[in-house]
Each structure stands twice: as structure tokens, then as C-alpha cells.
Amino acid sequence: MQHEETRWQVAVANRILSAFGLASELTASLGHASMRVPEAPDSFLIKGRGYELDILSELGPEDMVLCDLEGNKIEAPDGVSQCYEVKMHSCIYRAFPEVQSVVHAHPRFTILMSVLEKRLRPMRNEGARLVQKEIPIYPHSKLILTDEDGSGVADTLRAHGKAALLKGHGAVTTGANLEESVMSMVQLEEQAQLNAWAFSLMGRDHPYTSDDLLAEAAAQPPFWQIPHFGMQGPPARAPFGGGGFRGHGLWAYYVDKVSRDL
Ligand SMILES: [Zn+2]
């Protein structure tokens with residue numbers, strides 16, 4: 001099998017989606033994380049379809065499917081095909097050369113907000129910047145099966161760059177790595193849940209964390225420059241997304257937690 005390290009990372013990322021509840025219970029077999037192969041960027045690895053047990057949290061590196069940017073299968077286990085919505089991934093990789101990872105999931109509150117066509121607003125710090133800019137909605141609930149469907153999602157995504165909702169269906173997030181695309185989906189669903197509650201309590205025009213408050217937070221100096229920390233420079237480990245795949249902090253915890261049997 002080719003690209004063993006990338007296979008491992010993609011399988012782990014799919015398991016992390018499940019660990020965060022984004023592919024569990026009703027959606028245990030739904031959704032997929034994919035990653036462009038670093039040494040062969042015209043191809044990507046993704047969860048497939050046709051396994052004896054098709055559950056994201058149970059799949060391993062050998063179960064991942066290698067595809068080209070047309071969504072064609074290059075390498076897969078016997079009897080396993082690409083996932084049904086492989087065109088969502090291939091069309092996004094074709095349209096956005098800078099995107100290294102794509103995640104599609106069917107999270108409950110994100111779907112609710114897409115049907116209500118309620119603009120998501122920042123309601124907490126985690127993911128605030130993701131939803132500060134209006135997230136576009138692909139106006140169909142059908143599966144993304146054809147090149148036309150996938151290109152439609154990619155065109156919708158262009159208005160935001162990192163996230164789009166699919167009406168009554170789910171969402172897609174992108175990233176420079178698996179951590180970013182997966183954690184964006186986690187944060188998107190968290191923001192959608194708070195938006196749903198706020199909508200229920202206060203109506204469509206409910207209060208939210210304003211641009212001014214987010215700008216104030218963005219203008220803060222890094223903590224290590226504040227005198228009482230007594231630090232001369234930034235910590236050796238940069239926050240979020242620094243370093244290799246395993247990273248540190250929350251992501252590292254989940255990578256370890258879901259990969260113990262791999
Ligand atoms: Zn879907």
C-alpha cells in the first residue's frame with residue numbers, strides 16, 4: 001500500500017470526527033475526512049464505502065481509499081469503493097490548490113441552521129472567526145454525486161474559503177491540514193448549537209459577539225509578552241496547528257485516544 005503515513009493520519013482524523021460526536025449514533029457511518037497526499041498532490045486519501053463494518057470509528061489506515069482529482073479510485077481494499085460523495089472532495093481540491101484537507105459531516109445543529117437559513121453568528125470564542133464571515137449555503141440537500149454537484153459545492157465555498165453549509169444535509173470545511181479541517185467542523189457545530197439556542201430564546205436577530213469585541217481580542221498582545229508570566233519569548237510549542245500531525249493539546253489528546261489500537 002502506498003502513502004502509509006497519510007493513510008494513518010486520515011484514518012485517525014475520521015475517528016476523531018466520531019470522537020467529537022460528528023459521526024456517531026445516527027451518523028456513525030456518515031461523513032468523511034480526506035487529505036491530499038503530500039508527495040503526490042494530484043491525489044488524496046479518503047474513507048470509502050463497502051466495508052463489512054462501515055463505521056468511521058472502527059476503520060484503520062488500510063481501509064482508506066486513494067483517489068485522483070477526478071474522484072477516480074486509484075487504490076482501495078477489495079470490494080471497497082470511493083465514498084459516495086467523493087466528488088465534493090475532488091472538486092474542492094481541484095478548485096483550491098492551497099487546500100490540503102477537506103471534511104464533510106452531517107452535524108445536527110449545523111443542518112438545522114442551514115434549513116432555517118439563519119446566518120451563523122459568533123457566540124463563543126472557539127470558532128468565532130470561522131463564523132464571523134457569513135458562511136454560504138449550498139441550496140440543495142441531495143448527495144454530491146457528480147462533477148456538476150461537486151463543482152457547485154466548490155463554487156459555494158469560494159465566498160468563504162473555509163466552510164460552507166449544505167441545506168438539510170451537512171457542511172464542508174477545509175484546511176491546510178487535517179487538524180484545521182476537523183477542528184473547524186467541530187467549532188462550526190458548536191457555534192451552530194449556540195445559534196440555535198439563541199434563535200429559540202431571542203429570535204433571528206439575537207445578540208452575538210460583535211466585530212468590535214472580536215477586534216479587541218485580536219489586538220491583545222500574546223500572553224508571553226505580559227510581564228507577570230516572566231517569559232523572554234514565545235513557548236516552544238506554538239498554539240493550534242503548529243508542528244507535525246500529532247500536534248499537542250486537544251488535538252494530540254484525541255490523536256492518542258483514538259489510535260491506541262492502530
Ligand atoms: Zn453527505
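Let me sum up the structure you'll find in this document. (Residues numbered from 1 in each chain as written. Predicted model: local features only at pLDDT ≥ 70, side-chain atom pairs only at ≥ 80, totals over all residues. Heavy atoms only, no water.)

This paragraph deals with the layout of surface pockets. One number sums up the size of the second largest pocket: a volume of about 360 Å³. Around the second largest pocket, the lining is made up of 16 residues, and of these Gly 21, Leu 22, Pro 107, Arg 108 and Glu 189 lie nearest the centre. For the lining of the second largest pocket, the secondary-structure elements that each account for two or more residues are helix H3 (108–116) and helix H6 (178–202). Along the lines of polarity and charge, the residues of the lining of the second largest pocket split into 7 nonpolar, 5 polar and 4 charged. (1 Å grid on protein atoms, 1.4 Å probe; cavity = no way out; pocket = protein on both sides within 12 Å on 5 of 7 lines; lining within 4 Å. Points joined across faces, edges and corners; volume = space filled by probe spheres on them. Helix = DSSP H or I, 4+ residues; strand = E, 2+ residues; numbered from the N terminus. Nonpolar A, V, L, I, M, F, W, Y, C, P; charged D, E, K, R; others polar.)

Moving on, we get to the nonpolar core. Counting residues in each nonpolar core, the largest one holds 65 residues, and the members touching the most others are Ile 92 and Leu 188. In terms of residues, this core owes the most to one element, H6, which gives 9 residues. (Core = buried A, V, L, I, M, F, W, Y, C linked by side-chain atoms within 4.5 Å. Buried < 20%, exposed > 50% of the residue type's maximum accessible area, 1.4 Å probe, protein only.)

Considering all chains together, one arrives at 4 aromatic pairs under this definition. Members of the aromatic cluster, joined through ring pairs, are Phe 20, Tyr 253 and Tyr 254. (Phe/Tyr/Trp six-rings, centres within 6.5 Å; stacked < 30°, edge-to-face > 60°.)

Note on the zinc ion: its protein donors are Glu 85 (OE), His 104 (NE2), His 106 (NE2) and His 169 (NE2). The metal-donor distances range over 2.1 Å. For the zinc ion, the 4 donor atoms in the first shell make angles of 91 to 146° at the metal, a pattern classed as irregular. In the primary sequence, the donor residues of the zinc ion line up as E-x18-H-x1-H-x62-H. With Glu 85 in the loop between strand E6 (81–82) and helix H2 (86–95) and His 106 in the loop between strand E7 (101–105) and H3, this pair connects stretches of sequence that are 21 residues apart. (Donors = N, O, S within 2.8 Å, 3.2 Å for Na, K, Ca; no water. Tetrahedral: all angles 85-135°; square planar, octahedral: opposite > 155°, others 65-115°.)

A word on a nonpolar patch on the surface. Residues Tyr 84, Leu 143 and Leu 145 make up a contiguous nonpolar surface patch of about 310 Å² in total accessible area. Structurally, Tyr 84 can be placed in the loop between E6 and H2. Classification of Tyr 84 as partly exposed rests on a relative accessible area of 49%. (Patch = residues over 30% accessible without salt bridge, like charges linked within 9 Å, V, L, I, M, F, W, Y side chains within 5 Å. Areas by Shrake-Rupley, 256 points an atom, 1.4 Å probe, with all protein chains shown as cover. Salt bridge = Lys/Arg side-chain N within 4 Å of Asp/Glu carboxyl O.)

Before going further, it helps to spend a moment on helix H5 (residues 147–157). Of all the positions in H5, only Asp 149, Gly 150, Gly 152, Val 153, Ala 154, Thr 156 and Leu 157 are classed as buried. Residues of H5 that are buried sit in contact with H2, strand E8 (137–138), strand E9 (163–166) and strand E10 (170–175). (Contact = heavy atoms within 4.5 Å.)

Bringing the environment of Pro 207 into the picture now. Tracing the backbone shows Pro 207 in the loop between H6 and helix H7 (211–218). Considering only alpha carbons, one finds Pro 207 and Arg 121, 86 residues apart in sequence, at a separation of 8.8 Å. Beyond its immediate stretch of four places on either side in the chain, Pro 207 contacts Met 123 and Met 202.

With respect to topology, 8 strands assemble into an open sheet ordered E5-E4-E2-E1-E7-E10-E9-E8, the strand pairing being mixed. With one partner strand each, in any of the chains shown, strand E5 (73–75) and E8 form the two edges of the open sheet. Alignment of strand E2 (residues 40–46) against strand E4 (residues 65–68), held across 4 bridges, turns out to be antiparallel. The residue of E4 that forms the bridge with Ser 43 is Asp 68. Its contacts with the sheet place helix H1 (residues 4–19) against strand E1 (32–37), E2, E5 and E7, and it is angled at close to 160° to E1. (Pairing = 2+ DSSP bridges. Axes fitted to C-alpha atoms, helices over the stretch in contact; angles between N-to-C directions.)

The buried fraction of E1 amounts to 6 of the 6 residues, a majority that puts the element mostly inside the structure. Of the strand pairs in this sheet, E1 and E7 are connected by 4 bridges, and their pairing is antiparallel. Across the sheet, the residue bridging to Ser 34 is Val 102, located in E7. Two elements, E1 and E2, share 4 bridges in a ladder whose sense is antiparallel. Looking at E2, one finds that Arg 36 is bridged to Phe 44.

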